[in-house]
Amino acid sequence: MLITLIIMGFGLATIFSATHDASDRTSAQVMNMLIGIGVMWSVAQIPPQKLMRFAVPLYVLGVILLVLVFFFGIKVNGARRWLSIGFTRIQPAEILKIAMPLMLAWYFHKYEAALKLRHFAVAGLLLVVPFGLIAKQPDLGTAILVGAAGFYVIFFAGLPWKIIFGMVALAAGAAPFAWNMLHDYQQKRILTLLDPTTDPLGAGYHIIQSTIAIGSGGNFGKGWLEGTQTHLEFIPERHTDFIFAVFSEERGLLGNSILSALYLLLIIRGLMISANASTLFGRVLGGSITLSFFTYAFVNMGMVSGILPVVGVPLPFMSYGGTALVTLFLGMGILMSINAHRMLVKQ
């Protein structure tokens, strides 16, 4: 929790700097954090064996909502990702970030005594259905996060390495066909990654401006509130997906190293809790949630640095936003529940 609070402190300072013309977003983020901490505390009080009861209903609800999005969803900027529930709208894909690993962890726990290859095949099917529905919206970023969370559970449950290598070879062979299935804007993002200068004012703009900001920060940064790329508004989405570029410009390589070390410590602590869990359910679920934090951070830093395509993934506990932050705190609450149960069993 201490590590998370330090990261959130960096996040609030960076959001304040990035939104100097709309400072109410900082107070709104504080409110999001308080709600998230409340959710985390509440979930932490639930023993892991009771968490298992929510696995199937939450997964089924999430898949049903994804199907409803396909037929009745609200379309914004060419993407159909939201459902209107009268007073507000929800993004069902966010539910699957937790429901997916929870469902697979429950499934493997149920068949722990006699796991066979067919169980991994069924788990793969349970993963492919929501992944395909989310990718169809299209929302490749969230689909990657949900797919990664599910794969981590399958991996920790004991997926044989020969299957993993076979999947990698199959994916490599299917790459040309997968390329043709991508939307035009998704293909353009990948091509722009290879050479952003081909469209410097269009698809390449985000990458060019973010890498300029990161490089201009130097070793020690320009200082808080002193980022020129930030305050001259060259950095797009500077308080959400590209907040790392703002942080890099102001804090430099030193700040980036400290932030990376904090994420590393958070991941190590989560893996330690998972490894010492008293049940298979706790081990695979905790490991999946922890590596999901890693996926968030790695993909975000990678896309902002220009080494991965831009897919719209927030930086955990740093980026502005309510839904994604609450989802992260929900994962933290599950880790705390697993750890508390381990300590009770040990006593």
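An account of the accompanying structure is given in this report. (Residues numbered from 1 in each chain as written. Predicted model: local features only at pLDDT ≥ 70, side-chain atom pairs only at ≥ 80, totals over all residues. Heavy atoms only, no water.)

1. A word on the overall build of the chain
Here is step 1 of the chain: Along the chain, the regular secondary structure elements total 14 helices and 3 strands.
Here is step 2 of the chain: Its C-alpha atoms give the chain a radius of gyration of 20 Å, near enough to 20 Å, the size a compact globule of 347 residues would have.
Here is step 3 of the chain: The principal-axis extents of the C-alpha atoms in the chain amount to approximately 60 × 50 × 45 Å.
Here is step 4 of the chain: Here the chain holds 347 residues, and the buried ones make up 47% of them.
Here is step 5 of the chain: Considering only contacts within the chain whose residues lie at least 6 apart along the sequence, 70% involve residues at least 24 apart.
Here is step 6 of the chain: Element-wise, carbon and sulfur atoms account for 69% of the exposed surface of the chain, whose accessible area totals about 16500 Å².
Here is step 7 of the chain: Across the chain, the centroid of the 22 positively charged side chains sits 18 Å from that of the 14 negatively charged ones. (Helix = DSSP H or I, 4+ residues; strand = E, 2+ residues; numbered from the N terminus. Rg over C-alpha atoms; globule rule 2.2 N^0.38 Å. Buried < 20%, exposed > 50% of the residue type's maximum accessible area, 1.4 Å probe, protein only. Contact = heavy atoms within 4.5 Å. Areas by Shrake-Rupley, 256 points an atom, 1.4 Å probe, with all protein chains shown as cover. Lys, Arg positive; Asp, Glu negative; His and termini not counted. Charge placed at Lys NZ, Arg CZ, Asp CG, Glu CD.)

2. Examining the sheet that holds strand β1 (residues 74–76)
Here is step 1 of the chain: Here 3 strands make up an open sheet; going across it, the order is β1-β2-β3 and the pairing antiparallel. Both edges of this open sheet fall to β1 and β3 (89–90), since each of them pairs with a single strand only.
Here is step 2 of the chain: Sheet topology places strand β2 (residues 79–84) next to β3; 2 bridges connect them, and they run antiparallel. When the sheet's bridge partners are listed, L83 is paired in β3 with I90.
Here is step 3 of the chain: Against the sheet, helix α4 (residues 55–72) touches β1, β2 and β3, its axis set at about 110° to β2. (Pairing = 2+ DSSP bridges. Axes fitted to C-alpha atoms, helices over the stretch in contact; angles between N-to-C directions.)

3. Digging into the packing of helix α1 (residues 2–18) against helix α2 (residues 24–44)
Here is step 1 of the chain: Running from N to C, α1 and α2 point in directions that differ by 155°, and their axes come no closer than 9 Å. Looking at the two axes, α1 sits roughly antiparallel to α2. Where α1 crosses over α2, the handedness of that crossing is right-handed. Contact with α1, carried on its side by M8, L12, I15 and F16, involves R25, T26, Q29, V30, M33 and I37 of α2 and no other residues of that element.
Here is step 2 of the chain: The residue inventory of the contact of α1 with α2, partitioned by class, reads 7 nonpolar, 2 polar and 1 charged. (Parallel < 35°, antiparallel > 145°, perpendicular 65-115°, else oblique. Left-handed = near helix turned anticlockwise from the far one by under 90°. Nonpolar A, V, L, I, M, F, W, Y, C, P; charged D, E, K, R; others polar.)

4. A few points about empty space enclosed by the protein
Here is step 1 of the chain: The tally for this structure, following the rule as stated, stands at 2 cavities of 30 Å³ or more.
Here is step 2 of the chain: Counted as a void, the largest cavity has a volume near 120 Å³.
Here is step 3 of the chain: As for the largest cavity, its lining consists of K97, I98, P101, L145, A149, I289, S292, F293, Y296, T327, L328 and G331.
Here is step 4 of the chain: Elements with a minimum of two residues in the lining of the largest cavity: α5 (93–110), α7 (140–156), α13 (280–305) and α14 (323–346).
Here is step 5 of the chain: A per-element tally of the lining of the largest cavity places α13 first, with 4 residues. (1 Å grid on protein atoms, 1.4 Å probe; cavity = no way out; pocket = protein on both sides within 12 Å on 5 of 7 lines; lining within 4 Å. Points joined across faces, edges and corners; volume = space filled by probe spheres on them.)

5. Comments concerning the packing of aromatic side chains
Here is step 1 of the chain: Counted according to the given criterion, the structure contains 14 aromatic pairs.
Here is step 2 of the chain: Residues F10 and F247 carry aromatic rings whose centres are separated by 5.5 Å and whose planes lie at 65° to one another, so their mutual orientation is edge-to-face. Separated by 237 residues along the polypeptide, F10 in helix α1 and F247 in helix α12 (residues 243–275) bring together distant segments of the chain.
Here is step 3 of the chain: Look at F247 and you get buried, because its relative accessible area is 1%.
Here is step 4 of the chain: Clustering of aromatic rings is evident, with ring pairs tying together F151, F155, F156, W161 and F165. (Phe/Tyr/Trp six-rings, centres within 6.5 Å; stacked < 30°, edge-to-face > 60°.)

6. Section: helix α6 (residues 117–135)
Here is step 1 of the chain: Compared with an ideal rise of 1.5 Å per residue, which puts 19 residues at 27 Å, α6 spans 27 Å between its outermost C-alpha atoms and is within 8% of the ideal.
Here is step 2 of the chain: Taken together, the buried positions of α6 are H119, F120, A123, L126, L127, P130 and I134.
Here is step 3 of the chain: Residues of α6 that are buried sit in contact with α4, α5 and α7. (Expected span 1.5 Å × (residues − 1).)

7. Focus: the pattern of salt bridges
Here is step 1 of the chain: Taken as a whole and assessed by the stated rule, the structure comprises 3 salt bridges.
Here is step 2 of the chain: With a shortest N-O distance of 3.1 Å, K222 and E249 are connected by a salt bridge. Placement of K222 in the loop between α10 (205–216) and α11 (228–231) and of E249 in helix α12 is noted, with a sequence separation of 27 residues between them. (Salt bridge = Lys/Arg side-chain N within 4 Å of Asp/Glu carboxyl O.)

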